[in-house]
Each structure stands twice: as C-alpha cells, then as structure tokens.
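# A look at the structure
Here's the letter readout for the chains.
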Amino acid sequence: MRFDVYTPLLVALLLRPVSTVIGRRVAPGPAARVLTWAAVVTAAATTWSLVLLTTALLGDAPPVVREAREDGRPLTDPVPGVIGIAACLALAVVVWRIQRAVRAERRTRRALRRLCEGHPRDTELVVAACEVPRAFAIPGRPGRILVTSAMLGALAPEERRVLLAHERAHLTHRHGRLVTAATLAAAANPLLGPVRSAVTFLVERWADERAAAEVGDRAATARALARAALSTGRARPSCALGFTDRAVTRRVAALRTGPPPSRRPAAAGVLALGAVAALFAADATSDLVGLLFYALT
C-alpha cells in the first residue's frame, strides 16, 4: 500500500518522454491508439489511488489502526494525515477538471452541429460561408465534414481532394474519440498533458497518411497541407487540423519520406506500461482491504 499507491504517478511521468519517442518511431495509427489506452488506464489508476488515499484518511482506517495498537498489534497507519488531506484536495480538483473538460467538449460539438442544421442527413460535406479558413470533422450519426468557403477558396481542386480525404479519415477511424479520451485523461492527471498533445498530433499524422494513400501522391498531400496551414495564418486552431508552425513542419517532413514502420514491439511496450499502473493500483487496493480485515479480526 505504501508504495504501490504512488506507482501510477510514476507511470504518468514515464509516459511523457515515452510519448515523444513512440510518436516519432511508430506508425501514427498504432501509436495514437496505444498512447490513448495507456493514458486512460494511467489516469484511472491515478484517480483510484487518490480515492484509496482519501478513503484511508476519511474512512474507518485510522480508528481501526488506533484500536489495533491499543490491543498490542503492530499495525501502522497506512496513510500519513498530510498525504491523505492532499489526496482529498487533489481528488476534488480532478472531479472539477473532468467536469470542465466534458462541458467544453459538449459545447464545441453543439456549436459545430448547429452550423450543419438545415442540411439533409445524408449530406457529408457542409460548406459554411466564412472568411476564416477552417475545416472540421464532426463526429456523429452521420458524421459531417464542415469546411468554410475561405478554406475551399485557398486550395486548388486537387488540394481540396486531399483536405476532404484528411477529414474523412478522422470520421472513419473515429479520431474524435481518441482525442476526447486523451483529453479527459489529461484532465484527470495533468502529468499526461504531453501525452494528450502527442495523441492530437498523431491523429493528424494518421489522417495525413490516409489522405496520401487515397490520393496516391505524398508530395501533393504535403503541398496541400502546407497551403492549408498558410491560409489559416497564426490564428489559434479550433479544430482537429491543429495547424501550428512546428506541427505542420513535422507533418510535411513526414509526408516527404516513406510511410512510417509499425514497430509493434514498441507499441506493446507502451501497453505494458499502462498495465503496470493498473496492476499496482489493484495491488494497493488489495493491501488496504487486507489491512482493514486484519485489524477488524
């Protein structure tokens, strides 16, 4: 209990550099999936560890420990008071951060869906008259692709095909779910913020690769990406395209090389790292239950 309960925090710290390495050396599809899975499991394990620490402080553990000591049994307090109080406060912050992230996600999706109102359900592409060049993949049933007139006007016909293939890949492979899951994991555990950023970048790389495969020209895909990025300027991105100078440079450079390798052993290693957090959280739970049972009997 004393050490196992803190292991998920260590795993979260390890995932920060691991996400960078995996993002560069593993194909974007498998990398995005395994990093999201590891982040979600680690965030859940971290939150559960906070619950255990809070329970040990606020529940029946301290009185039980005192009674055991009075009976002459060598039983130590499983959680120091200061750590228990800190865990209680941290758990409250986690709940608040998750609620805020969920509300923000819902507001964004409602705003995007309102822009698509009035179109038939089988309409995949919706063009909005707007001077700001933007493109969105809107998950749902059915999924929609929302593109502003400014974005279409900035691209040549072949580049528009790349853009649509890119956004269609987001819908087909449900990238929105991966980004949402990673966002909620980072809300639960701020140490996972770099992992969330890595997942966001990887789904863009994944969509780039799918668009290049559909168009059949990696160089044309890179040109379309660069032109779309230039058309957005330096405005803060509000969609999955994620156009920033550094991200676009890396994506264009990746498209000018061959498709990245799968490297399944590396991906499996990330899965194992996430499983470690869950196993140690489960072990800490078992230790706490065993401690209480021993004290009561």
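Our subject in this report is the structure included herewith.

### A few points about the overall build of the chain
From N to C terminus, the chain includes 11 helices and 3 strands. Mapped in sequence order, the helices and strands of the chain form the string α-α-α-α-β-β-β-α-α-α-α-α-α-α. Across the 297 residues that make up the chain, the buried fraction comes to 44%. For the chain, the accessible area works out to roughly 15,400 Å², and carbon and sulfur atoms hold 61% of it.

### What about the packing of helix α1 (residues 7–25) against helix α8 (residues 193–215)?
Two elements in contact, α1 and α8, have axes whose closest approach is 8 Å; the angle formed by their N-to-C orientations is 15 degrees. By the angle between their axes, α1 is roughly parallel relative to α8. Note that α1 runs across α8; the crossing there is left-handed. Touching L15, R16, S19 and G23 of α1 are P194, V195, A198 and L202, all from α8. Of the residues contributing to the contact of α1 with α8, the split by class is 5 nonpolar, 2 polar and 1 charged.

### Section: unusual backbone geometry
Look at R174: it is not a glycine, yet its phi comes out positive at around 55 degrees. Within the fold, R174 resides in the loop between α6 (157–172) and α7 (175–188).

### Quick word on the packing of aromatic side chains
Per the counting criterion, the structure on display carries 0 aromatic pairs. The residue whose ring lies beneath R250 is F201, and the NZ or CZ to ring-centre distance is 4.0 Å.

### A few points about the environment of A222
If you trace the backbone, A222 turns up in helix α9 (residues 218–232). Accessibility expressed as a relative area gives 1% for A222, which makes it buried. For the pair formed by A222 and A253, sequence separation is 31 residues and the distance between their alpha carbons is 8.0 Å. Those residues in contact with A222 that lie beyond four places of it in its chain are V252, L255 and R256.

### Digging into α7
When the terminal C-alpha atoms of α7 are compared, their 20 Å separation across 14 residues agrees well with the 20 Å that a helix rising 1.5 Å per residue should span. Looking at α7, one finds that the buried residues are H175, L178, V179, T180, A182, A185, A186, A187 and A188.

### What about the sheet that holds strand β1 (residues 125–128)?
Reading across the sheet, the 3 strands line up as β1-β3-β2 and stay open at both edges, with mixed pairing between neighbours. The open sheet is flanked by β1 and β2 (135–138), the only strands paired with a single partner. Between one strand axis and the next, the sheet turns by 20 degrees as a mean value, whatever way the strands run. Pairing geometry for β1 and strand β3 (residues 144–148), over 4 bridges, is parallel. Paired with L125 across the bridge in β3 is I145.

What counts and how
- Residues numbered from 1 in each chain as written.
- Predicted model: local features only at pLDDT ≥ 70, side-chain atom pairs only at ≥ 80, totals over all residues.
- Heavy atoms only, no water.
- Helix = DSSP H or I, 4+ residues; strand = E, 2+ residues; numbered from the N terminus.
- Buried < 20%, exposed > 50% of the residue type's maximum accessible area, 1.4 Å probe, protein only.
- Areas by Shrake-Rupley, 256 points an atom, 1.4 Å probe, with all protein chains shown as cover.
- Axes fitted to C-alpha atoms, helices over the stretch in contact; angles between N-to-C directions.
- Parallel < 35°, antiparallel > 145°, perpendicular 65-115°, else oblique.
- Left-handed = near helix turned anticlockwise from the far one by under 90°.
- Contact = heavy atoms within 4.5 Å.
- Nonpolar A, V, L, I, M, F, W, Y, C, P; charged D, E, K, R; others polar.
- Phe/Tyr/Trp six-rings, centres within 6.5 Å; stacked < 30°, edge-to-face > 60°.
- Lys NZ or Arg CZ within 6 Å of the ring centre and 35° of its normal.
- Expected span 1.5 Å × (residues − 1).
- Pairing = 2+ DSSP bridges.

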